[in-house]
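# Notes for the structure review
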Amino acid sequence: RTGMPGSVVLEAFKVPADVLKLPLESRIKAARGMMQPVPGDDQNGSFPENTLASPAPISFTEEATVVLFFLVMLGGPIATMAIGAAVLFFGSWMSVMIYVATIAFLILHPLPYKYYGLSKSWFSIAVFRYFSFRIIIEDFQALTTIPPWVGASPPHGVLPIANIMSILTINLFCRPFVGAGASVVLRSPFLRYMSLLGGMIDVSAKSMKRGLDGGQCVGIVPDGIAGMFYTDANDEVVLLKNRMGLAKFALRTGYPIIPAYSIGNTAVFNSWFDSMGVMEMLSRRMKASILLFWGRWFLPVPRRERITILVGKPIIVEKKEEEKITTEDVKEVHARLLEATEGLFNKHKAAVGWGHKKIRFI
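In this numbering scheme, every chain counts its residues from 1 along its sequence in written order. Totals for whole chains, interfaces and linings use all residues, but because this is a predicted model, local features are given only for residues with pLDDT of at least 70 and pairs of side-chain atoms are given and counted only at 80 or more. Hydrogens and water are ignored here; the side-chain numbers use all heavy atoms of the structure.

### Quick look at the nonpolar core
Side-chain atoms within 4.5 Å link the members of a nonpolar core, which is a set of buried Ala, Val, Leu, Ile, Met, Phe, Trp, Tyr and Cys residues. Residue exposure (1.4 Å probe, protein chains only): buried if accessible area is under 20% of the type maximum, exposed if over 50%, otherwise partly exposed. Ranked by size, the top nonpolar core spans 63 residues in total, and within it Phe70, Phe128, Phe131, Leu159 and Met165 carry the most contacts. A run of DSSP states H or I qualifies as a helix once it reaches four residues; a run of E qualifies as a strand once it reaches two. Both are numbered from the N-terminal end. Where this core is concerned, the elements lending two or more residues are strand S1 (8-11), helix H1 (24-34), helix H2 (60-90), helix H4 (122-130), strand S3 (134-137), helix H5 (140-145), helix H6 (161-173) and strand S12 (308-311). Tallying contributions element by element places H6 first for this core, with 9 residues. Ignoring sequence-local partners within four residues, the contact set of Met165 consists of Val127, Phe128, Phe131, Phe133 and Leu197. Core analysis: the second largest hydrophobic core is formed by 22 residues, Ile201, Met208, Leu212 and Leu246 among them. Should any heavy atoms of two residues lie within 4.5 Å, those residues are considered in contact.

### Here's the deal with the sheet that holds S1
A pair of strands is labelled paired if DSSP reports no fewer than 2 bridges between them. In space, the 9 strands of this open sheet follow the order S2-S1-S3-S12-S9-S4-S7-S5-S6, with mixed pairing throughout. With partners counted over all chains shown, the strands left at the sheet margins are strand S2 (36-37) and strand S6 (200-202), one partner each. Across 3 bridges, the pairing between strand S4 (residues 150-152) and strand S9 (residues 257-263) is parallel. In the strand pairing of S9, Ala152 is matched with Pro259.

### Overview of helix H10 (residues 278-286)
Buried within H10 are the following residues: Met279, Glu280 and Ser283. Angularly, the buried residues of H10 cover 100 degrees about the axis, an arc narrow enough to put them on a single face. The inward-facing, buried residues of H10 contact strand S10 (270-272). Taken from the residues just after H10, Lys287 is the one with a positive phi, measuring 55 degrees. This arc is taken over the directions from the axis of the helix to the C-beta atoms.

### Here we look at the pattern of salt bridges
Every case where a carboxyl oxygen of Asp or Glu lies within 4 Å of a side-chain nitrogen of Lys or Arg is listed as a salt bridge. What the rule picks out here adds up to 12 salt bridges. Linking Lys14 and Glu11 is a salt bridge whose minimum nitrogen-to-oxygen distance equals 2.7 Å. Lys14 sits in the partly exposed class, given a relative accessible area of 47%. A relative accessible area of 6% places Glu11 in the buried class. Glu322 is the salt-bridge partner of Arg252, the closest N and O atoms lying 3.4 Å from each other. In this pair, Arg252 sits in helix H9 (residues 245-253) while Glu322 sits in the loop between S12 and helix H11 (327-348), placing the two residues 70 residues apart along the sequence.

### Comments concerning the pairing of S3
Successive residues of a regular strand alternate their side chains across the two faces of the sheet. Residues Arg134 and Ile136 point to one face of S3 and Ile135 and Ile137 to the other, with burial holding for every one of them. When S1 meets S3, the two strands line up antiparallel, connected through 4 bridges. Paired with Leu10 across the strands is Ile135, a residue of S3. Relative to S12, S3 runs parallel, the two being bridged by 4 bridges. Bridge pairing in S12 places Ile136 opposite Leu310.

So, in structure tokens, the structure goes:
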């Protein structure tokens, strides 16, 4: 699909909106023409410091639309719970029935098929511009030609914005791709509208394998919901050191892993949670985010931070029978993932203005 050697960057906010309406092959060709390689002759080099750190221009209408979308998507569940509490304690039986019926509709009403949602509209470009979204890819040819793969891109943060943007971008300019998220997201009023940006499936191994077997690539946030409780203001702290489920999944299925890193996920929101771990425990058990968070204007709206996703070279894994997979096999694949993730971050962090940050696995 492309003969470009070494790392390239696509500044998605610069893609003309009319390109989104083209067939996939034409979109790939257009995106390839906009990709910038690393300057110089070193194909394994990195982009110069701060060259990918400038904010994208955005119109008032585009910015207001994106703010409204996230306000509804993230503020909707909060408002729903508040209204539910008020109805339960102060409302009549009729109001309770109306409330339940409304919630059922918001949970169950069909959404447009992912390729005909918001992904091909001007709204996609508005979202790219809001977050000055860039994607740095170390091997575009492999990304588009190897068998379906699992992309693993920490950290989670309060909301994995970069990962959501990657669903949109990879579908538009690379190949069919879905994000694997907590099942509660797919069943939550308003939050489920996130799938309009490219498609989501449940993060269970069974669901992921079904998607991969069907030819779709799948993206996960490997530190999961628990990762949001380990955000650090100074460093990038990733809860991945002992989370080896993806390594075992790759060994069982033989599908490659694409290491990646989401720069900016930890910057778009602030959060508060108790020091005793009660909120973390509830979040793990309920598979939902139980914490206080705020962003722009102290609202559930992400700040307009620069978001970049780093996409590394594939980790090829040999498929093994379940009973033949050893602990050493799992540790070896997991170690390769940690090494690749750390290398990606350290290699490209300065180019996007994060040179002062360090990454730590816990």
